[in-house]
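Below, each chain spelled out in residue letters.
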Amino acid sequence: MGGGARELAGYLAALGGWVAALAAAVLPQWRQSSYAGDAIITAVGLHEGLWMSCAAQSTGQVQCRLHDSLLSLDVHIQTSRALMVISLLLGFFGIIVSVVGMKCTKVGEEDPVTKSRIAVAGGVLFVLSGLCTLAAVSLYATQVTYEFFRESTVPINARYEFGSALFIGWGAASLTMLGGSLLCCSCPAKERRGQQYYRQTQPSTAREPPVKMSSSPIRGEQCL
């Protein structure tokens, strides 16, 4: 795969991961009601996310309510919120920086080395964005797992399990880091840059014509 095609594939993958991370951050299905156990309750399904909690009734009616207070939320929710916001900001700046550094754009064509370094910087931003998304989703999933399996008087069918937004977040983190890694491969090798510099600085010498030896004898030998 050529350098331009690799950059384009990495950019599209990272862009898709960023859009998926945005969708995961907005969706309220970070955890949902568990239907495990003997007595299955299907009248009302509860969903909770980073910003709101929803109740879906069997009739199809859904009622959502924003979280009342920021400081009253659990620590893992506040931390996941902060990580997702940082992730989206890093990904947004990565989108802008990568467009400037990609080979398929016309910006900065006169300096290809600096252009490739800008593309690498965009890839690094995407990798950091994916790591923040992965940390936020994994932290939330760890808390949901802990609350589900810990000993409590709450029945299993009244507890929470993984929601669809967590799986979207894991997929988004994978795509973003993959795309960022492909963009990071745009950095030119040091050897190639050294060879280019050597070729530019080496003076061009014209080939000298071969010296023709005279076939006529020396005058001294003729006298002898």
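Residues numbered from 1 in each chain as written. Predicted model: local features only at pLDDT ≥ 70, side-chain atom pairs only at ≥ 80, totals over all residues. Heavy atoms only, no water.

Asks: Teacher, can you tell me more about the overall build of the protein chain here?
Replies: In terms of helices and strands, the protein chain carries six helices and five strands. When the 224 residues of the protein chain are sorted by exposure, 31% land in the buried category. At a minimum sequence separation of 6, the contacts of the protein chain that also span at least 24 residues come to 67%. Working note: accessible area of the protein chain is about 14,200 Å², and carbon and sulfur atoms make up 64% of it. (Helix = DSSP H or I, 4+ residues; strand = E, 2+ residues; numbered from the N terminus. Buried < 20%, exposed > 50% of the residue type's maximum accessible area, 1.4 Å probe, protein only. Contact = heavy atoms within 4.5 Å. Areas by Shrake-Rupley, 256 points an atom, 1.4 Å probe, with all protein chains shown as cover.)

Asks: What am I meant to see in the packing of helix H3 (residues 112-149) against helix H4 (residues 164-184) here?
Replies: For any two helices packed against each other, the geometry comes down to the angle between their axes and how far apart the axes lie. The N-to-C vectors of H3 and H4 enclose an angle of 160 degrees; their axes lie 7 Å apart at closest approach. Comparing the axis directions of H3 and H4 gives the class roughly antiparallel. The element H3 and its partner H4 pack so that their crossing is left-handed. For the contact of H3 with H4, the per-class residue count stands at 16 nonpolar, nine polar and no charged. (Axes fitted to C-alpha atoms, helices over the stretch in contact; angles between N-to-C directions. Parallel < 35°, antiparallel > 145°, perpendicular 65-115°, else oblique. Left-handed = near helix turned anticlockwise from the far one by under 90°. Nonpolar A, V, L, I, M, F, W, Y, C, P; charged D, E, K, R; others polar.)

Asks: Just to check I follow, could you spell out the confidence of the model for the protein chain for this structure?
Replies: Note that predicted coordinates carrying low pLDDT should not be read in detail. Across the protein chain, the average pLDDT comes to 79, with 74% of residues at 70 or higher. The least confident element of the protein chain, judged by mean pLDDT, is helix H6 (residues 219-223) at 44; the most confident is H4 at 93. Of the regions scoring below 50 in pLDDT, residues 191-199 engages in three contacts with residues more than four places distant in sequence or in other chains. Counting interchain partners and residues more than four positions distant, the pLDDT-below-50 stretch residues 204-208 has zero contacts. (pLDDT = per-residue confidence, 0-100.)

Asks: Looking at this model, I keep getting lost on the pairing of strand E4 (residues 62-66). Mind explaining?
Replies: In the case of a regular strand, side chains alternate between the two sheet surfaces. Bridge count between strand E3 (residues 52-57) and E4: five bridges; the pairing is antiparallel. Opposite serine 53, over in E4, you have arginine 65 as the bridge partner. With antiparallel pairing between neighbouring strands as the criterion, E3 and E4 make up a hairpin whose turn holds four residues, including glycine 60 at a positive phi of roughly 100 degrees. (Pairing = 2+ DSSP bridges.)

Asks: What am I meant to see in the environment of cysteine 184 here?
Replies: Turning to its location among the elements, cysteine 184 is positioned in helix H4. Apart from residues no more than four positions distant in its own chain, cysteine 184 is found in contact with Val120, Gly123 and Val124.

Asks: What should I look at first to understand the state of the cysteines in this one?
Replies: Where two cysteines share a covalent bond between their sulfur atoms, that bond is called a disulfide. The tally for this structure, following the rule as stated, stands at one disulfide. Left unpaired, cysteine 185 is separated from the closest cysteine sulfur, that of cysteine 184, by 7.1 Å. (Disulfide = S-S within 2.5 Å.)

Asks: Even after reading the chapter, I still don't get the pattern of salt bridges, so can you show me in this structure?
Replies: When charged atoms on two side chains of opposite charge get close, those side chains can pair. A full pass over the atoms with the stated rule returns two salt bridges. The salt bridge partner of arginine 31 is glutamate 48, with a shortest N-O separation of 2.7 Å. Note that arginine 31 is positioned in strand E1 (residues 31-33) and glutamate 48 in strand E2 (residues 44-48), a separation of 17 residues in sequence. Here the two residues arginine 31 and glutamate 48 agree in accessibility, since each one is buried. For the salt bridge of glutamate 147 with arginine 31, the shortest nitrogen-to-oxygen distance reads 3.0 Å. With glutamate 147 in helix H3 and arginine 31 in strand E1, this residue pair connects regions lying 116 residues apart in the sequence. Of the residues examined, glutamate 147 reaches a relative accessible area of 23% and is grouped as partly exposed. Residues participating in the shared-partner salt-bridge network are Arg31, Glu48 and Glu147. (Salt bridge = Lys/Arg side-chain N within 4 Å of Asp/Glu carboxyl O.)

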